[in-house]
Amino acid sequence: MFCLAIDGQRAKQMFNEQRPSDLNSCSMCGKMCAMNTMNQILKGENVSFS
């Protein structure tokens, strides 16, 4: 994704500075990450947003 960005170096710098506390989600969504939530549901895990 960084190779395709208009300013790849800046994008990578911002990504590294704003890493999410939970590495199973992105920095944009956090706990509300749809992909992570769906993966948890498919694995039969309980989903909690609190």
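Shown above is the structure to which this text applies.
What comes next concerns the included structure. Since we're looking at a predicted model, the values are computed, not measured.

## Overview of the overall build of the protein chain
Regarding its fold elements, the protein chain presents two helices and zero strands. Each of the 50 residues in the protein chain was classed as buried or not, and the buried ones make up 10%. When the accessible surface of the protein chain is summed, it comes to about 4500 Å², and 57% of that surface belongs to carbon and sulfur atoms.

## Some thoughts on the packing of aromatic side chains
Summed over the entire model, instances satisfying the criterion amount to one aromatic pair. Between Phe2 and Phe15 the ring centres are 5.7 Å apart and the planes differ by 65°, which places this aromatic pair in the edge-to-face class. With Phe2 in the segment before α1 (8-17) and Phe15 in helix α1, this residue pair connects regions lying 13 residues apart in the sequence. Phe2 sits in the partly exposed class, given a relative accessible area of 22%.

## So, the side chain of Thr37
Summarising the element assignment, Thr37 is placed in helix α2 (residues 34-42). The class of Thr37 is buried, set by a relative accessible area of 13%. Excluding anything up to four places from it in sequence, Thr37 contacts Lys31, Val47 and Phe49.

## A closer look at a nonpolar patch on the surface
On the surface, Met32, Met38, Ile41, Leu42, Val47 and Phe49 cluster together to form a nonpolar patch covering roughly 590 Å² of accessible area. Structurally, the position occupied by Leu42 is in helix α2. The exposure class of Leu42 is exposed, given its relative accessible area of 64%.

## Details of the environment of Ser50
On the secondary structure map, Ser50 appears in the segment after α2. Each C-alpha atom, one on Ser50 and one on Lys31, is 8.5 Å from the other, the two residues being 19 residues apart in sequence.

Rules used throughout
Residues numbered from 1 in each chain as written. Predicted model: local features only at pLDDT ≥ 70, side-chain atom pairs only at ≥ 80, totals over all residues. Heavy atoms only, no water. Helix = DSSP H or I, 4+ residues; strand = E, 2+ residues; numbered from the N terminus. Buried < 20%, exposed > 50% of the residue type's maximum accessible area, 1.4 Å probe, protein only. Areas by Shrake-Rupley, 256 points an atom, 1.4 Å probe, with all protein chains shown as cover. Phe/Tyr/Trp six-rings, centres within 6.5 Å; stacked < 30°, edge-to-face > 60°. Contact = heavy atoms within 4.5 Å. Patch = residues over 30% accessible without salt bridge, like charges linked within 9 Å, V, L, I, M, F, W, Y side chains within 5 Å. Salt bridge = Lys/Arg side-chain N within 4 Å of Asp/Glu carboxyl O.

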